[in-house]
Amino acid sequence: MLNKVCALVLVGLLGGCLGREAKDNMNGLRYTIANALPGHEERDFLGNEFFEVYSPAITSRYSEVVWRTLPPVDLPEAIACRFNNSVIAVTGTEVNVVRRNGTTETSVPCYESYNHHYVAFIYGSGVELTGASLHRAPAHGVMSGHSLQVEFQRTEPEGSDTKEVVPGVQAFSEHNGNEARQSYHGLPRNMVQPIASPQRFVFGPMQINTKNPDGSGKRGGPLPKESQAPPGALYSGLLECPCTTRTKKVPAGFEPRITGNCDVTARAASPPECFAAAAAMQVTVLANTTESNTSEPAGCFLRSQSASEVEAVFNTAHSTVECSAPGATQTHGQFNSLVGVTLDIDAVADSVNITLQGPSDVWFAVGFNASAMSDLPWTIVVEAKAGASAVHERKLGDHEPGTLLTPELSVLQNDVQGSLRTVVVTRKLKGGDANRFDFPASGAGTQVSLINALGGSGVFDGNKHKDAAGFALTLVGVGARGGATCLCRGGTGTIDGLPFDPRCMGEPYSDLLQTHNPTCDINQYRGGIACCHDGAILLDADQEVPAEEDTVYFKWRFYFTEYNPAVHTPLIHLEWQWGHIEYDVPAAPAGTPPADAVHVLTTRFQLRDMMNLYGKPHCDPFTDYYCADVDRVNAGGVSLIMAGGHCHAPACISLELYNADTGFLVCRVVPVGGQGDSAFDEAGYLYLPPCQWGSAEEGLQAPPVLFLDTNLTSIKRVNSTVGHTGVMAIWQARGKYNI
């Protein structure tokens, strides 16, 4: 009976669509790609079947940000019925932003409603959204990606049916910003995104209301003081997410610096603030001193006195002297988390003493140079027993006990006082093999990332811990060989109550740290997605927020066919951004010719980095929509099928992706700018034709093959006539395992 009902509904809903040609696109556009064989730049969608779905309403006031997961929407009944207990293969998508009035809809120009980015999902009957994902805004870890932390779980135990090999959910997030409407989202022949028993659609936009509130229908509207858009700009300065006087930034604390100076905004404001910062470094402060000395660094610094003792100094002089501890060969660091950890490093003696303090009745462990077990760290485990045998070293697995290592540590102490066990071990700075952490020989100012855990019993039993946490321990130069370590206000903290931890990567991944890009420091941060959280108002506190609301919808079209595993190849998501997803472009010096006002960001990475950005080994492809498993890559590598750059109007010039091992230009994306005021052709805004690979018969170049250790280089160019915040240089791609 179900099949008969489904068939009747199918004819009623799709009968008018069957037989349509793929060139009859929803948006009425001709789509192009960047790297087709000559004469084949224009692309159509494969097949003649599609269905359409609307997002829930997105309602906001001028300058308001909507960035959250919207309520799920049922797919058309014809689709849910037809593919009940079978598999749909999505071959392409189109997307638009519309206003709806009864049966009438109009496309919205992006200078009235700007899509910063989005993530969309179709999921099947075998999975469900976790309760925490519904209506969730990106309240944690925003800076690590566009993610809305949408999570899915199985509705039934794992089995041996088709759901084990066919995903129960797919994400649609490539070319996912204002460029989405004009950028091509089709796939080459037989390349698909399959979904088992598709039922529902869920959508998470980041949408900014940029509709001029004066009612004129023209571009414009008030902007906050931090907006860098010049007068009369065709684009809205709101799309760069300027921070406002409504924004509440709270730095987390002070951090050591061993070279250069503290920026003025990062210096301690008073002696008490300086001395409190010194005490928080968890070194022994012999004295607190206030002085005015032009031969010492300005602001707050630590002056070494002995092997683990310092003097805290607040220098009121306007000095340009730099911090002077880069060559410190004696360093000390201490932090108390679940386990108390103290490091005393002496590079001259080639020794590091490690003191661990934890409960006396259960095992505890500390992993080095890691923020999660998936980093597979060198780990010291202490069991609840006396003597040297209580201590052993492991190379942890990903939520697995990992491998027991041959001991290199010498146990100097294992004492219990009351309920506290203190263990002191020592070893050389450099480990005996690649499984161990190498301690820095000159590490003043270095932060060592650590994870620690407490067990539920006295004997180590793998990943069965009762509590775990991560933290960072800071090394401070001490002793006659310790130098002077400046204390600068840290770059992390909270913005409007949400964590700000940019985690900017240094070379070779990017030069953001070396160039002190403001995006990496909460004290310098003046705009970007951290100031664009859900519900944010991008006007200053003294600017009235217009009362008028505007409602828009996202309209999606999905092209599809019936999945045939003998013919179709499922694709995996690949992505690269350098840990901190955005950066600032400083304005070129006044008078710089426009042709020379170009800011360049270069990042270097490997295929392994693209797969591990959101994927992980042994991920579940049924529920993990970004499952890219490095353990599935064999000697055949991974073929790129599609790749696109993601950047924002108005200044993006180009994105280039090179195979650094061969010098081959893999993909070059050049934005196409609009020329007028109508939707899809807005002057001051842009779209990005992606790269795509397939067969010569389709007019496509052959797919480039990458391996886990293939070195890649990305070069992003931006016009810097004026400054820009929240700039992005992301590569979003689809590939296939060559198995």
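This is a predicted model, so every value here is computed, not measured.

About the thresholds
- Residues numbered from 1 in each chain as written.
- Predicted model: local features only at pLDDT ≥ 70, side-chain atom pairs only at ≥ 80, totals over all residues.
- Heavy atoms only, no water.
- Disulfide = S-S within 2.5 Å.
- Helix = DSSP H or I, 4+ residues; strand = E, 2+ residues; numbered from the N terminus.
- Buried < 20%, exposed > 50% of the residue type's maximum accessible area, 1.4 Å probe, protein only.
- Salt bridge = Lys/Arg side-chain N within 4 Å of Asp/Glu carboxyl O.
- Pairing = 2+ DSSP bridges.
- Axes fitted to C-alpha atoms, helices over the stretch in contact; angles between N-to-C directions.
- Contact = heavy atoms within 4.5 Å.
- pLDDT = per-residue confidence, 0-100.
- 1 Å grid on protein atoms, 1.4 Å probe; cavity = no way out; pocket = protein on both sides within 12 Å on 5 of 7 lines; lining within 4 Å.
- Points joined across faces, edges and corners; volume = space filled by probe spheres on them.
- Nonpolar A, V, L, I, M, F, W, Y, C, P; charged D, E, K, R; others polar.
- Polar contact = N/O pair within 3.5 Å; in protein donor to acceptor, adjacent residues only side chain to side chain.
- Phe/Tyr/Trp six-rings, centres within 6.5 Å; stacked < 30°, edge-to-face > 60°.
- Lys NZ or Arg CZ within 6 Å of the ring centre and 35° of its normal.
- Patch = residues over 30% accessible without salt bridge, like charges linked within 9 Å, V, L, I, M, F, W, Y side chains within 5 Å.
- Areas by Shrake-Rupley, 256 points an atom, 1.4 Å probe, with all protein chains shown as cover.

Considerations on the state of the cysteines
Item 1. Here the structure, examined in full by the defined rule, presents nine disulfides.
Item 2. Paired through a disulfide, Cys241 and Cys532 show a sulfur-sulfur distance of 2.2 Å. Every disulfide takes its handedness from the sign of the S-S torsion; for Cys241 and Cys532 that torsion is -90°, giving left-handed. Taken together, the residues Cys241 in the loop between strand E14 (198-209) and strand E15 (249-251) and Cys532 in the loop between strand E34 (498-500) and strand E35 (549-562) connect sequence positions 291 residues apart.
Item 3. With its sulfur 2.0 Å from that of its partner, Cys619 forms a disulfide with Cys627. One disulfide, between Cys619 and Cys627, carries an S-S torsion of 80° and so falls in the right-handed class.
Item 4. On the accessibility criterion, Cys619 (8% relative accessible area) is buried.
Item 5. For Cys627, a relative accessible area of 11% corresponds to the buried category.
Item 6. In this structure Cys110 is a free cysteine whose sulfur lies 13 Å from that of Cys647, the closest cysteine sulfur available.

Here we look at the pattern of salt bridges
Item 1. The tally for this structure, following the rule as stated, stands at 34 salt bridges.
Item 2. For Asp74, the salt bridge is made with Arg200, and the minimal N-O distance between the two is 2.9 Å. Of this pair, Asp74 sits in strand E6 (residues 73-74) while Arg200 sits in strand E14; the two residues are 126 residues apart in sequence, bridging distant segments of the chain.
Item 3. Arg219 is paired through a salt bridge with Asp677; the nearest N and O atoms lie 2.9 Å apart. Placement of Arg219 in the loop between E14 and E15 and of Asp677 in the loop between strand E43 (672-673) and strand E44 (686-687) is noted, with a sequence separation of 458 residues between them.
Item 4. Given the relative accessible area of 51%, Asp677 is considered exposed.
Item 5. Three or more residues joined by partner-sharing salt bridges are found here, namely Glu52, Glu105, Lys555 and Arg557.

Quick word on the sheet that holds strand E24 (residues 378-382)
Item 1. Spatial strand order, E26-E25-E24-E23-E29-E30: six strands in an open sheet with antiparallel pairing. Each edge of the sheet is formed by a strand with only one pairing partner; in this case those strands are strand E26 (400-404) and strand E30 (465-474). Across the sheet, the mean angle separating the axes of adjacent strands is 30° when strand polarity is ignored.
Item 2. As defined by bridge partners, strand E23 (residues 364-368) adjoins strand E29 (residues 447-455) across five bridges and the pair is classed as antiparallel.

As for the sheet that holds strand E31 (residues 476-477)
Item 1. With respect to topology, six strands assemble into an open sheet ordered E27-E28-E22-E21-E20-E31, the strand pairing being antiparallel. Taken across any chain shown, the strands that pair with only one partner, and hence form the sheet edges, are strand E27 (410-417) and E31.
Item 2. Inspection of the sheet shows E27 paired to strand E28 (residues 420-427) by seven bridges, in the antiparallel sense. Looking at E28, one finds that Val416 is bridged to Arg421.

So, helix H4 (residues 607-614)
Item 1. For H4, every residue scored as buried is listed here: Leu607, Asp609, Met610 and Met611.
Item 2. Check the buried side of H4 and you find it contacts strand E37 (572-576), strand E39 (598-606), strand E40 (638-646), strand E46 (705-706), strand E47 (711-719) and strand E49 (730-737).

Notes on unusual backbone geometry
Negative phi values dominate among residues other than glycine, just as trans dominates among peptide bonds.
Item 1. The omega torsion across Glu507 and Pro508 is 5°, close enough to zero to call that bond cis.
Item 2. Note on placement: Pro508 falls in the loop between E34 and E35.
Item 3. Here the phi dihedral of His618 falls at roughly 60°; this positive angle occurs in a residue that is not glycine.

So, the confidence of the model for the chain
Item 1. Confidence along the chain averages 88 in pLDDT terms, with 91% of residues attaining 70 or more.
Item 2. Scored below 50 in pLDDT, residues 1-5 makes one contact in the model with residues more than four places away or belonging to other chains.
Item 3. Confidence drops under a pLDDT of 50 for residues 7-22, and excluding neighbours within four residues, the segment shows 23 contacts in the predicted structure.

Quick look at the pairing of E29
Item 1. Burial within E29 is extensive, with seven of its nine residues counted as buried.
Item 2. Relative to E30, E29 is paired through nine bridges, and the arrangement is antiparallel. Paired with Ala453 across the two strands is Ala468, which belongs to E30.

A closer look at the layout of surface pockets
Item 1. Each pocket or cavity is described by its volume, and for the second largest pocket that value is around 500 Å³.
Item 2. Pro570, Ile572, Pro621, Arg632 and Tyr737 are, among the 23 residues lining the second largest pocket, the residues nearest its centre.
Item 3. Elements that contribute at least two residues to the lining of the second largest pocket include exactly strand E12 (169-172), strand E36 (569-570), E37 and E49.

Regarding the environment of Glu179
Item 1. Note that Glu179 resides in the loop between E12 and strand E13 (191-196).
Item 2. Using a relative accessible area of 1% as the deciding quantity, one classes Glu179 as buried.
Item 3. As a C-alpha pair, Glu179 and Gln334 span 155 residues in sequence and 48 Å in three-dimensional space.
Item 4. Beyond its immediate chain neighbours, meaning those up to four positions away, Glu179 contacts Gly645, His646, Cys647, Leu686, Tyr687 and Leu688.

Quick look at empty space enclosed by the protein
To find leftover empty space, one rolls a probe the size of a water molecule over the atoms.
Item 1. Under the defined criterion, the tally for this structure stands at seven cavities of 30 Å³ or more.
Item 2. Its volume calculated, the largest cavity comes out at about 130 Å³.
Item 3. Looking at which element gives the most residues to the lining of the largest cavity, the answer is strand E7 (residues 87-101), with four residues.
Item 4. Among the residues forming the lining of the largest cavity, the class breakdown is seven nonpolar, eight polar and two charged.
Item 5. Around the second largest cavity, the lining comprises 15 residues; the ones closest to its centre are Glu240, His648, Ala649, His724 and Val727.
Item 6. Mapped by element, the contributors of at least two residues to the lining of the second largest cavity are E47 and strand E48 (724-727).
Item 7. For the lining of the second largest cavity, the leading source of residues is E48, giving four residues.
Item 8. In the lining of the second largest cavity, the residues fall into nine nonpolar, four polar and two charged.

Concerning the side chain of His117
Item 1. Looking at the element boundaries, His117 is found in strand E9 (residues 113-124).
Item 2. Taking relative accessible area as the criterion, His117 reaches 0% and is therefore assigned buried.
Item 3. For His117, the side chain forms a polar contact with the side chain of Trp67, separated by 3.5 Å.

Focus: the packing of aromatic side chains
Item 1. One pass over the structure, following the stated rule, counts 34 aromatic pairs.
Item 2. Here Phe437 and Phe439 contribute two aromatic rings whose centre-to-centre distance is 4.9 Å and whose plane-to-plane angle is 75°, an arrangement assigned as edge-to-face.
Item 3. Arranged with centres 5.4 Å apart and planes meeting at 15°, the rings of Trp556 and Phe558 form a pair that is stacked. With respect to burial, Trp556 and Phe558 carry one shared label: buried.
Item 4. Between Arg427 and the ring centre of Trp378, over which it is positioned, the NZ or CZ distance is 4.9 Å.
Item 5. Residue placement shows Arg557 over the ring face of Phe50; its charged tip is 3.7 Å from the ring centre.

What about a nonpolar patch on the surface?
Item 1. Judged by side-chain polarity, Val598, Val600 and Ile653 come together as a nonpolar surface patch covering roughly 190 Å² of accessible area.
Item 2. Residue placement: Val598 occurs in strand E39.
Item 3. Take Val598: its relative accessible area is 33%, and that puts it in the partly exposed class.

Quick notes on the side chain of Ser197
Item 1. Mapped onto the fold, Ser197 is located in the loop between E13 and E14.
Item 2. With relative accessibility at 2%, the residue Ser197 sits in the buried group.
Item 3. Ignoring any residue separated from it by four or fewer positions in sequence, one finds Ser197 in contact with Phe83, Asn84, Asn85, Ser86, Gly124 and Ser125.

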